[in-house]
Amino acid sequence: MYQIMDEIIPKEYQKYLSRRSKSRKVHWIQQIALILLLVILISNYISAQSHELLMEGDNLFKKEHYDLAEEKYRKASESDKTGKANYNLGNTLYNQERYEEALNQYQNALTSSDPNVVSNAYYNLGNTHFQNQKFQESIQSFKNALRYNGEDQDAKENLMLATVSYTHLRAHETGRNL
């Protein structure tokens, strides 16, 4: 087959096709590299924007401007992959006594790959459930927080408080005195 090709297609044209083929491969590789570079740059830009929104939200939170901090954290949560925006948004909602919304944000923060974020989210889930007098859920959340951070003294104390509260609630429901 190659002999027939050599006879039909002149050598110079074969060389041209060979160079063109190599040129296309190089061009194709350059295009892929350019696309990857653009993806990385865009990703870094979005990450920087998210980080800046988190910092702005943190400053507003410290000043107790919870409504403004909420806006920043909501925007940051759109691109934040760390779970910190959801966690901070949960704290902002909790401080506004919007406990059900706070629960949702703490749940979202549990998907974080950062064990500190997850531990803190479980801890605050425990506090939020306690606030809603859902003591069993509170107990479970504090136990989960301790699985991630066994040294968390506040989680240990709140676990004990939630357990005692649950025991008193059960005793009251059954009519027993403690």
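The structure this text deals with has already been given above.
Cut-offs and rules
- For every chain, the first residue of the written sequence is number 1, and numbering continues from 1 onward in sequence order.
- Reporting of local features is limited, given that this is a predicted model, to residues whose pLDDT is at least 70; pairs of side-chain atoms are given and counted only at 80 or more, and all residues count toward the totals for whole chains, interfaces and linings.
- Remark: hydrogens and water are excluded; side-chain values derive from all non-hydrogen atoms of the structure.
- Starting at the N terminus, helices and strands are each numbered in turn, a helix being any DSSP run of H or I of at least four residues and a strand any DSSP run of E of at least two.
- Residue exposure (1.4 Å probe, protein chains only): buried if accessible area is under 20% of the type maximum, exposed if over 50%, otherwise partly exposed.
- By definition, residues are in contact when any of their heavy atoms lie within 4.5 Å.
- Each accessible area value is a Shrake-Rupley result obtained with a 1.4 Å probe; residue values ignore everything except the protein chains displayed when judging cover.
- The salt bridge definition used is simple: a Lys or Arg side-chain nitrogen within 4 Å of an Asp or Glu carboxyl oxygen.
- Think of each axis as a best-fit line through the C-alpha atoms, taken over the contacting stretch in the case of a helix, with angles from 0 to 180 degrees between the N-to-C directions.
- Geometric relationships in this document are graded by angle, where less than 35 degrees denotes roughly parallel, more than 145 denotes roughly antiparallel, 65 to 115 denotes roughly perpendicular, and other angles denote oblique.
- Should the near helix be turned counterclockwise from the far one by less than a right angle, the crossing is left-handed, whereas a clockwise turn marks it as right-handed.
- Definition used in this section: a nonpolar core is a set of buried Ala, Val, Leu, Ile, Met, Phe, Trp, Tyr and Cys residues joined via side-chain atoms within 4.5 Å.

S.K.: Quick one: what's the story with the overall build of the chain, residue by residue and with numbers?
M.R.: A tally of helices and strands in the chain yields eight helices and zero strands. In sequence order, the chain lays out its α and β elements as α-α-α-α-α-α-α-α. A buried classification covers 32% of the 178 residues belonging to the chain. Of all intrachain contacts in the chain linking residues separated by at least 6 positions in sequence, the fraction that spans at least 24 positions is 42%. Here the chain has roughly 12500 Å² of accessible surface; of this, 53% comes from carbon and sulfur atoms.

S.K.: With reference to specific residues and values, describe the environment of Leu 125.
M.R.: In this structure, Leu 125 sits in helix α6 (residues 115–131). For Leu 125, a relative accessible area of 2% corresponds to the buried category. Separated by 23 residues in sequence, Leu 125 and Ala 102 place their C-alpha atoms 8.3 Å apart.

S.K.: Got a sec to walk through the pattern of salt bridges? Specific residues and values, please.
M.R.: Close approach of charged atoms allows side chains with opposite charge to pair. Per the stated rule, a full pass over the model turns up six salt bridges. Across the pair Glu 56 and Lys 72 runs a salt bridge whose closest N-O atoms are separated by 2.9 Å. In this pair, Glu 56 is assigned in helix α2 (residues 11–62) and Lys 72 in helix α3 (residues 66–77), connecting sequence segments 16 residues apart. Exposure remark for Glu 56: the relative accessible area of 27% places this residue in the partly exposed category. Classification of Lys 72 by relative accessible area gives partly exposed; the value is 25%.

S.K.: Break down the environment of Lys 72 for me, citing the residues and quoting the values.
M.R.: A C-alpha to C-alpha distance of 8.8 Å links Lys 72 and Asp 58, two positions 14 residues apart in sequence. Not counting residues within four places of it along the chain, the set of residues in contact with Lys 72 comprises Leu 53, Glu 56, Gly 57 and Leu 60.

S.K.: So what about the packing of helix α4 (residues 84–95) against α6? Which residues, and what values?
M.R.: Contact pair α4 / α6: the axes reach a minimum separation of 10 Å and the direction vectors enclose 25°. The angle between α4 and α6 falls in the class roughly parallel. In the crossing of α4 with α6, the sense of the turn from one axis to the other is left-handed. Between α4 and α6, the residues in contact are Lys 84, Tyr 87, Asn 91 and Tyr 94 and Val 117, Asn 120, Ala 121, Asn 124, Asn 127, Thr 128 and Gln 131, respectively.

S.K.: Before we move on, can you summarise the environment of Leu 53 with the specific residues and values?
M.R.: Of note, Leu 53 is situated in helix α2. When the C-alpha atoms of Leu 53 and Arg 74 are compared, they prove to be 9.1 Å apart, with 21 residues separating the residues in sequence. In this structure Leu 53 touches Lys 72, Lys 75 and Ala 76, once residues within four positions along its chain are discounted.

S.K.: Residues and numbers for unusual backbone geometry, please.
M.R.: Even without being a glycine, Glu 64 presents a positive backbone phi close to 65°. Of note in the backbone geometry, Gln 133 takes a positive phi value of approximately 60° without being a glycine. Mapped onto the elements, Gln 133 comes out in the loop between α6 and α7 (135–148). Look at Gln 133 and you get exposed, because its relative accessible area is 58%.

S.K.: Can you break down the nonpolar core residue by residue, with the values?
M.R.: Of all hydrophobic cores here, the largest spans 28 residues; its most connected members are Tyr 87, Leu 110, Tyr 122 and Leu 125. Elements with a minimum of two residues in this core: α2, α3, α4, α5 (99–109), α6, α7 and α8 (153–174). When residues of this core are assigned to their parent elements, the largest contribution, six residues, is made by α6. Those residues within four positions of Tyr 122 in sequence are excluded, and the remaining contacts are Leu 110, Ser 141, Asn 144, Ala 145 and Tyr 148.

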